[in-house]
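Coordinate analysis (summary)
Spelled out, the chains give:
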Amino acid sequence: FGYKYGIPIDADLLFDGRFLPNPHYDLRLRPLAGLDAEVSEYVKRSAGTDEYLERLYPLLDFLFPQYAAEGKAHLTVGVGCTGGRHRSVAIAELIGERYEKQGYYTIVRHRDITRT
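Read on for an overview of the structure.

What counts and what doesn't
Residues numbered from 1 in each chain as written. Predicted model: local features only at pLDDT ≥ 70, side-chain atom pairs only at ≥ 80, totals over all residues. Heavy atoms only, no water. Helix = DSSP H or I, 4+ residues; strand = E, 2+ residues; numbered from the N terminus. Rg over C-alpha atoms; globule rule 2.2 N^0.38 Å. Buried < 20%, exposed > 50% of the residue type's maximum accessible area, 1.4 Å probe, protein only. Contact = heavy atoms within 4.5 Å. Areas by Shrake-Rupley, 256 points an atom, 1.4 Å probe, with all protein chains shown as cover. Lys, Arg positive; Asp, Glu negative; His and termini not counted. Charge placed at Lys NZ, Arg CZ, Asp CG, Glu CD. Core = buried A, V, L, I, M, F, W, Y, C linked by side-chain atoms within 4.5 Å. 1 Å grid on protein atoms, 1.4 Å probe; cavity = no way out; pocket = protein on both sides within 12 Å on 5 of 7 lines; lining within 4 Å. Points joined across faces, edges and corners; volume = space filled by probe spheres on them. Nonpolar A, V, L, I, M, F, W, Y, C, P; charged D, E, K, R; others polar. Phe/Tyr/Trp six-rings, centres within 6.5 Å; stacked < 30°, edge-to-face > 60°. Expected span 1.5 Å × (residues − 1).

**Some remarks on the overall build of the chain**
- Helix and strand content of the chain: 3 helices and 2 strands.
- Mapped in sequence order, the helices and strands of the chain form the string β-α-α-β-α.
- Rg of the C-alpha trace for the chain: 14 Å, near the compact-globule value of 13 Å for 116 residues, within the 12% margin.
- Sorting the 116 residues of the chain into buried and exposed places 39% on the buried side.
- Restricting to contacts in the chain with at least 6 residues of sequence separation, those with at least 24 account for 73%.
- Surface summary for the chain: the accessible area is close to 7,000 Å², and the carbon and sulfur share equals 53%.
- Looking at the chain, you have 15 positive and 16 negative side-chain charges, and the mean spots of the two groups are 6 Å apart.

**Some words on the nonpolar core**
- Counting residues in each nonpolar core, the largest one holds 20 residues, and the members touching the most others are Leu56, Leu60, Ile91 and Ile95.
- With 7 residues, the top contributor of residues to this core is helix H2 (residues 49-69).
- Not counting chain neighbours up to four residues away, the residues in contact with Leu56 comprise Phe15 and Ile95.

**A word on the layout of surface pockets**
- Volume-wise, the largest pocket comes out at about 900 Å³.
- Lining the largest pocket we find 27 residues, and of these Leu75, Thr76, Val77, Thr106 and Ile107 sit closest to its centre.
- Among the secondary structure elements, those contributing two or more residues to the lining of the largest pocket are H2, strand S2 (77-80) and helix H3 (87-101).
- Counting residues per element, the lining of the largest pocket draws most heavily on H3, at 5 residues.
- Residues that form the lining of the largest pocket fall into these classes: 16 nonpolar, 7 polar and 4 charged.

**Here we look at the environment of Arg18**
- Relative to the elements of secondary structure, Arg18 occurs in the loop between strand S1 (13-16) and helix H1 (37-45).
- Using a relative accessible area of 40% as the deciding quantity, one classes Arg18 as partly exposed.
- With 44 residues separating them along the chain, Arg18 and Phe62 place their C-alpha atoms 24 Å apart.

**With respect to the packing of aromatic side chains**
- The tally for this structure, following the rule as stated, stands at 6 aromatic pairs.
- Taking 5.0 Å as the distance between ring centres and 75° as the angle between the ring planes, the aromatic pair formed by Phe19 and Tyr52 counts as edge-to-face. A residue pair is termed long-range when its members are at least 10 positions apart, and Phe19 in the loop between S1 and H1 and Tyr52 in helix H2 qualify at 33 residues.
- Between the aromatic rings of Tyr57 and Tyr99, the centroid separation amounts to 6.1 Å while the plane-to-plane angle is 70°, which identifies the pairing as edge-to-face. Here Tyr57, found in helix H2, pairs with Tyr99, found in helix H3; they are 42 residues apart in sequence, far enough to count as distant.
- The exposure class assigned to Tyr57 is buried, which follows from its relative accessible area of 13%.
- Judged by its relative accessible area of 1%, Tyr99 falls in the buried class.

**Things to note about H2**
- Spanning 21 residues, H2 covers 30 Å between terminal C-alpha atoms, matching the ideal 30 Å at 1.5 Å per step.
- Turning to H2, the residues buried within the fold contact S1, H1, S2 and H3.
- Among the residues trailing H2, Gly71 stands out with phi positive, at a value near 90°.

Here's what the structure looks like:
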C-alpha cells in the first residue's frame, strides 16, 4: 500500500519500506511496478533490504503461530511505501513467496499498484 493513500484499515500488522531507496527516482524504473523484474531486483539489491528481511522474517515466524493458537483464521499483513507501486510490492511478494513455500495459504494483493 502507499502511505500517501492512507493505511489499510483491515491490516493486523503494518511494516514500512520507505527507508529503502526509491525506484520512483530512477526515470527508467518509475513507470514500472514492483512486479516487474527490474524493480524487484532493484529493491532486492538495495542497501538495507537483506537486513530488513533478516529481522522481519523471525518476527513473522514467531507471530504467525501465535495468532493461529489464539484462533485467528487469517492475518492481514500490510507492507507500505510512499506510493504503493515499487518497494512495498517487491517486499510483499518476497514475504508471500516465503510463507507460501512454508505451507501457509497466502494471497498477495497490491492495493495501490495502479495509482500514480
